[in-house]
Amino acid sequence: MNTKKLTCGTFAKLCNTTKETLFHYDKIGLLKPEFIGKNNYRYYAPEQFFLFNFIETLTDSDTSLKEIKSQIKNFNADSFIGFLRQKQEYLKQKRLKLALKEELINDLLNEIEDIKTSNYETVRLINKPSETFIAFKTDVSAVASYDDLSEHLSRFFTDCCNKNIFLQSTFGFIIEKKNFDKELKASYICAKALKGSKQAQRYTLPKGTYASVTILGDKKAHLNGIKRLEQHLKELGYFFAGDLIALDRFSLLYHKEKNEFAVKYLIYVKKDKNNAD
């Protein structure tokens, strides 16, 4: 026996795979051992590692073993170059999608941690940079039941899919000032988009100071909470200067009550010069 040949077990370790995988590749004619000894043991040449590594690279690129075998068996340089360019583009697009999903998970993690550590109805004044959302016209309450929301959300998500818009986890509602006391009826469903937002209607939050508060409870609790927020800001010398943004509805994760919602509100505020110290 040629001492340069490797046993199946040794070759499997070299390739960081299992003997069963090598048996399967041998069975379908994709990667056969260099020779089989009198004892029926399979022996591989060290250079076959490169072929195995090539096969694994293609399978990790979602290429079927049947297609890989066809490319190897019917090798043609021009055809093979075209095949590899297709895989190159596929991996590029997959990498972009993974990057978007990683960003989505990071945002979702930050949002949930923020709500988890929030003290309900504790007002925070924060400085925010300008931020743009995509917006979809609606007339539903920001604290509507999930049954009432389903139709509106379905239309929103369908519209996003039709326009190839890749959404972040954050979605919410834009409530115009005139509707603060009308059951918090929203004018728009809004969401942050990672990709494809050029075709969508946009809503931009201006750079500046925002009051942030998370309210837990039913619709009445939210209406009363917004009134208390306005009164509290007046005492601090601020007034509502923009529309109300209701974001981060994680009630399904945190609470079991059907008509109880955990919502984070943001509103653009300005200092009341008449009451300034």
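Structure: see above.
Throughout what follows, the structure given in this document is the object of discussion. Everything numeric in this text was worked out from a predicted model, so none of it was measured. (Residues numbered from 1 in each chain as written. Predicted model: local features only at pLDDT ≥ 70, side-chain atom pairs only at ≥ 80, totals over all residues. Heavy atoms only, no water.)

**Notes on the packing of aromatic side chains**
Here is step 1 of the chain: Here the structure, examined in full by the defined rule, presents eight aromatic pairs.
Here is step 2 of the chain: Taking 5.5 Å as the distance between ring centres and 75° as the angle between the ring planes, the aromatic pair formed by Phe49 and Phe50 counts as edge-to-face.
Here is step 3 of the chain: Taken together, the aromatic side chains of Phe54, Phe75, Phe80 and Phe83 make up a single cluster linked through ring pairs.
Here is step 4 of the chain: Across the ring face of Tyr90, the terminal group of Lys87 is positioned such that the distance to the ring centre comes to 5.4 Å.
Here is step 5 of the chain: Positioned above the aromatic ring of Tyr188 is the side chain of Lys137, whose terminal nitrogen or guanidinium carbon lies 4.8 Å from the ring centre. (Phe/Tyr/Trp six-rings, centres within 6.5 Å; stacked < 30°, edge-to-face > 60°. Lys NZ or Arg CZ within 6 Å of the ring centre and 35° of its normal.)

**Side note on the sheet that holds strand β1 (residues 6-7)**
Here is step 1 of the chain: Here we have three strands laid out as an open sheet, ordered β1-β3-β2, and antiparallel in their pairing. Each having just a single partner strand, β1 and β2 (35-36) make up the two edges of the open sheet.
Here is step 2 of the chain: The sheet contact formed by β2 and strand β3 (residues 42-44) spans two bridges and is antiparallel. Bridging from a neighbouring strand, Phe35 pairs with Tyr43 of β3. (Pairing = 2+ DSSP bridges. Helix = DSSP H or I, 4+ residues; strand = E, 2+ residues; numbered from the N terminus.)

**Remarks on the packing of helix α2 (residues 19-27) against helix α3 (residues 48-60)**
For any two helices packed against each other, the geometry comes down to the angle between their axes and how far apart the axes lie.
Here is step 1 of the chain: Contact pair α2 / α3: the axes reach a minimum separation of 13 Å and the direction vectors enclose 90°. By the angle between their axes, α2 is roughly perpendicular relative to α3. Within the contact between the two elements, α2 uses Thr21, Leu22 and Tyr25 and α3 uses Phe52, Ile55 and Glu56.
Here is step 2 of the chain: A class-by-class count of the residues in the contact of α2 with α3 yields four nonpolar, one polar and one charged. (Axes fitted to C-alpha atoms, helices over the stretch in contact; angles between N-to-C directions. Parallel < 35°, antiparallel > 145°, perpendicular 65-115°, else oblique. Contact = heavy atoms within 4.5 Å. Nonpolar A, V, L, I, M, F, W, Y, C, P; charged D, E, K, R; others polar.)

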